[in-house]
Amino acid sequence: MKKANVSRAAYQAGGISVLLGLLVLYPWVFTDPYPRHVMIILFMYVALGQAWNILGGYSGQISLGNHIFFALGAYVSTILLIKAGVPPWLGVLPGIVLAGVAAVGIGLICFDLRGHYFAIATLGLAEITYIIFLNWDFVNRAFGFQIPMLKHSTYYMQWTSKVPYYYIILVIAVGVVAFVWRMDQARLGVYLKAIREDEERAKSLGIDSRRYKLLAFFISAAITALVGTFYAQYVLYIDPDSLLSLEFGLLIIIIPMVGGMGTVLGPILGACLLIPVAEYARITLGGGGKGLHMLLYGLVILVVAVYEPRGLIGIYRSLRKGRLEVPLAANASPAAAEEGPPE
Amino acid sequence: MLSTQLLAQSLISGLLMGGIYSLVAVGLSLIFGLMNIVNFAHGDFLMLAMYATFWANVLLGWDPLVTLPFVLLVWFVAGMTTYKVIVRRVLNAPMVSQMFSTFGLGLFLRYGAYFFWSADVRKVNENLLSGVLDLGNIYVTKAELVAFGASAATTSVLFFFIKKSRLGKAIQATSQNKEAALEMGIYTDHVNALGWGIGIMCVGMAGVLLATYYPIHIYSGWTFTLISYISVALGGFGSFWGVYLGGLLIGIIESVLGTVFVPAFKMVFVYVTFILVLIYRPRGLFGKF
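Here is what the cut-offs are and how they apply
Residues numbered from 1 in each chain as written. Chains lettered and ligands numbered in written order. Predicted model: local features only at pLDDT ≥ 70, side-chain atom pairs only at ≥ 80, totals over all residues. Heavy atoms only, no water. Helix = DSSP H or I, 4+ residues; strand = E, 2+ residues; numbered from the N terminus. Rg over C-alpha atoms; globule rule 2.2 N^0.38 Å. Buried < 20%, exposed > 50% of the residue type's maximum accessible area, 1.4 Å probe, protein only. Contact = heavy atoms within 4.5 Å. Areas by Shrake-Rupley, 256 points an atom, 1.4 Å probe, with all protein chains shown as cover. Polar contact = N/O pair within 3.5 Å; in protein donor to acceptor, adjacent residues only side chain to side chain. Nonpolar A, V, L, I, M, F, W, Y, C, P; charged D, E, K, R; others polar. Axes fitted to C-alpha atoms, helices over the stretch in contact; angles between N-to-C directions. Salt bridge = Lys/Arg side-chain N within 4 Å of Asp/Glu carboxyl O. Phe/Tyr/Trp six-rings, centres within 6.5 Å; stacked < 30°, edge-to-face > 60°. Lys NZ or Arg CZ within 6 Å of the ring centre and 35° of its normal. Expected span 1.5 Å × (residues − 1). Arc of directions from axis to C-beta. Patch = residues over 30% accessible without salt bridge, like charges linked within 9 Å, V, L, I, M, F, W, Y side chains within 5 Å. pLDDT = per-residue confidence, 0-100.

### Concerning the overall build of chain B
Okay, step 1: Each helix and strand counted, chain B has 11 helices and 2 strands in total.
Okay, step 2: Listing each helix as α and each strand as β along chain B from the N terminus yields α-α-α-α-β-β-α-α-α-α-α-α-α.
Okay, step 3: The C-alpha radius of gyration of chain B comes to 19 Å, within 12% of the 19 Å expected for a compact globule of 289 residues.
Okay, step 4: Summarising its shape, the C-alpha atoms of chain B cover approximately 60 × 50 × 35 Å along the three principal directions.
Okay, step 5: The buried share among the 289 residues of chain B stands at 58%.

### A few points about the overall build of chain A
Okay, step 1: Tallying secondary structure elements over chain A gives 15 helices and 2 strands in all.
Okay, step 2: Per-residue burial over chain A gives 54% buried out of 343 residues.
Okay, step 3: Within chain A, residue pairs in contact and separated by at least 24 positions form 74% of the contacts whose partners lie at least 6 positions apart.
Okay, step 4: Put simply, chain A shows about 15,600 Å² of open surface, and 68% of that area lies on carbon and sulfur atoms.

### Some details on the interface of chain A and chain B
Okay, step 1: With 47 residues of chain A at the interface, the matching set in chain B holds 49 residues.
Okay, step 2: Linking chain A to chain B there are 3 residue pairs in polar contact (both at pLDDT 80 or more).
Okay, step 3: Those elements that place two or more of their residues in the side of chain A that touches chain B are helix H5 (116-135), helix H11 (246-259), helix H13 (289-307) and helix H15 (334-339) of chain A.
Okay, step 4: Class assignment of the residues belonging to the side of chain A that touches chain B gives a composition of 35 nonpolar, 7 polar and 5 charged.

### Quick word on the packing of helix H3 (residues 66-84) of chain A against H5 of chain A
Residues and elements named next belong to chain A.
Okay, step 1: Two numbers describe how H3 lies on H5: the axes approach to 9 Å, and their chain directions differ by 35°. Residues His67, Ile68 and Tyr75 of H3 form the contact with H5, whose participating residues are Thr122, Leu125, Ala126, Thr129 and Phe133.
Okay, step 2: Residues that form the contact of H3 with H5 fall into these classes: 5 nonpolar, 3 polar and no charged.

### Comments concerning the pattern of salt bridges
Okay, step 1: Under the criterion given, the structure shown has 10 salt bridges over all chains.
Okay, step 2: Note that Glu308 of chain A and Arg310 of chain A form a salt bridge whose closest N and O atoms lie 3.2 Å from each other.
Okay, step 3: Judged by relative accessible area, Glu308 of chain A falls into the buried class, the value being 13%.
Okay, step 4: Residue classification places Arg310 of chain A among the partly exposed positions, given a relative accessible area of 39%.
Okay, step 5: Linked through salt bridges whose partners overlap, the residues forming this network are Lys84, Arg88 and Asp189 of chain B.

### Describing the packing of aromatic side chains
Okay, step 1: Per the counting criterion, the structure on display carries 43 aromatic pairs over all chains.
Okay, step 2: Considering the side-chain rings of Tyr229 of chain B and Phe274 of chain B, the 5.8 Å spacing of their centres and the 70° angle between planes classify their relative orientation as edge-to-face. With Tyr229 of chain B in helix H9 (residues 220-235) and Phe274 of chain B in helix H11 (residues 266-280), this residue pair connects regions lying 45 residues apart in the sequence.
Okay, step 3: Taking the relative accessible area as the measure of exposure, Tyr229 of chain B reaches 2% and is therefore buried.
Okay, step 4: Through a chain of ring-to-ring contacts, the aromatic side chains of Tyr117 of chain A together with Phe40, Phe100, Phe103, Trp222, Tyr229 and Phe274 of chain B assemble into a single cluster.
Okay, step 5: Directly above the aromatic system of Tyr212 of chain A lies the positively charged group of Arg211 of chain A, at a separation of 5.4 Å from the ring centroid.

### Quick notes on the environment of Leu182 of chain B
Okay, step 1: Relative to the elements of secondary structure, Leu182 of chain B occurs in helix H7 (residues 178-183).
Okay, step 2: Along the primary structure Leu182 of chain B and Ala170 of chain B are separated by 12 residues, whereas in three dimensions their C-alpha atoms are 9.9 Å apart.

### So, unusual backbone geometry
Okay, step 1: The phi dihedral of Asn140 of chain A falls on the positive side, at around 65°, and the residue is not glycine.
Okay, step 2: The backbone phi angle of Asn36 of chain B is positive, close to 60°, even though this residue is not glycine.
Okay, step 3: As for its position among the elements, Asn36 of chain B is in the loop between helix H1 (4-35) and helix H2 (42-59).

### Focus on H5 of chain A
Okay, step 1: The terminal C-alpha atoms of H5 of chain A lie 29 Å apart, and with 20 residues this matches the ideal 28 Å at 1.5 Å per residue to within 8%.
Okay, step 2: Of all 20 residues in H5 of chain A, 16 are buried; the element is thus mostly enclosed.

### With respect to helix H7 (residues 187-197) of chain A
All names here are of chain A.
Okay, step 1: Along H7, the residues classified as buried are Leu188, Gly189, Leu192 and Ile195. Along the axis of H7, the buried residues cluster in a sector spanning 125°; they form a single face. Across H7 from its buried face, at more than 90 degrees, point the exposed residues Arg187 and Glu197.
Okay, step 2: Here the buried face of H7 lies against helix H2 (33-59), helix H6 (163-185), helix H8 (199-204) and helix H9 (209-235).

### Quick word on the side chain of Thr224 of chain A
All names here are of chain A.
Okay, step 1: Counting through the fold element by element, Thr224 comes out in helix H9.
Okay, step 2: Owing to a relative accessible area of 1%, Thr224 belongs among the buried residues under this scheme.
Okay, step 3: If we skip the residues at most four places from it in the chain, Thr224 touches Leu48, Ala51, Asn66, Phe69 and Phe70.

### So, a nonpolar patch on the surface
Okay, step 1: Taken together, the side chains of Leu108 and Ile109 of chain A together with Val272, Leu276, Ile279 and Tyr280 of chain B make up a nonpolar region of the molecular surface, amounting to roughly 560 Å² of accessible area.
Okay, step 2: Secondary-structure elements contributing two or more residues to the nonpolar patch are helix H4 (88-110) of chain A together with H11 of chain B.
Okay, step 3: The dominant element in the nonpolar patch, judged by the number of residues it contributes, is H11 of chain B, at 4 residues.
Okay, step 4: With respect to the element layout, Ile279 of chain B can be found in helix H11.

### Quick word on the confidence of the model for chain B
Okay, step 1: Averaged over every residue, the pLDDT of chain B is 91; the share at 70 or more is 99%.
Okay, step 2: In the model of chain B, strand E1 (residues 132-134) of chain B stands out as the element of lowest mean pLDDT, 85, in contrast to helix H3 (residues 64-85) of chain B, which has the highest, 96.

Here it is, written out as structure tokens:
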């Protein structure tokens, strides 16, 4: 038994090394800007989805406001760059700190709220932020900021090639995944899962649930802000509509949801499935496609929520068991539904 | 600059709008009370009712008042169908599934409307309810007044239906204790479906009335989902008239504070109210639990 475990770990290590090697080589195989761009966006969403997963998937606190932190990261570094000439390498730090502090503040106020109350409270805060940014002169209202393309300059984190961006976001995504992978088995991950399953019982076992949820929210927000700064430097244009709208907030959530919440692989699978499809739809359908891809997201969210709340991971696990398990409460007769365990 | 007259005007406008919020919120609260599920597609049914009114007006030349009974019927069936096809499957699922099932449905409806009818803002033509009344320097449209009255009347009818009729008592019983209701021979599955039918019918009614004077847009539904949710939280889950008053209060808060401070920030005041309620009085103003 022990031996089997060792060889499995070896396979795993080998597989991961090969995969990482391929990802490092990718921009040298695909030299066109477009395939590189798709992968950059994909890594970005892996990191964002994984960050959301730390709080939402592991502790079960559904935040509909993670895009607040993304916007904070993007705006802080951009404002520092434009108004004070601070390079984004430094500008990213105050953004991360601000997002982390904001998350702790929100957590202190809202973590007593259960279930959908927490979700709607965070959504309300996101909408408040959106309205404030739309009307606030300091952040240039609805116009946002265009970051001037100074030159091909590593100091200002601006390049004419996509390759440096590719490696930066690859490092971020791999780092975040590695962190969650470690966390999954470490104390923080185990505690968060315990809180998700039964918060009262977790408390009675001596877990300071508020403290661990705050920690998870802090980490989640900090990562999201980091990616926000990256995004601002990559796209060189930020405005409230693209950073603070509900659509963007939803996209962050749908990725771990489709892949499988509360798992390490979930956000990766979700991003690999959805981002290429979304990018393809955006290119082929053009302007009129915006509505269509949101329509599809709606359908995907609905179907996943009803039939397989555990996402792609859940389908995989069911298949591996050799039979497709009857999904939660699906096909249930009303009588069977009534007899089911209380939530 | 800020005259008493302007304040009075904003108070009345807010109150009249609050009537619509109340009607939508009462439907949401009924569904929530029965099965502890928040319908995040609630406002999107309202948006669709507004579009139904618009298209019936443009294509068939129907007055909104003619469209009303048809919408009520169709929306009742749509509510029951939503329950039977979607909600019933997540009754015992984790909260995340319950939340995202209706959330996904709402997105689907919203962007379905976008896909077919684009994001243009539409208005219904002159209709039976067009016209402005002068109440001593305070102006209200006939449509607003009728919508407010109809909302109050519908809510009252619904209240007596729930309190007095046999079916209404079954709804009460199911809200209070599902297992006990089942023991008493109440087929709670049908009661739930009825709750969805009535809840969505209220939304359909609000949508038609709103369409007579309010711009029609695909995103207006989502705002109404949030506002009705907040009205329910403010009024208190489980309190029928509390929710009604919650809707009126939200209408007034939005309108008066928007007038006194910055109109662009009126939704900010609503969200802030909501968060303050959650912190200081989580059971709402009139809530029982």
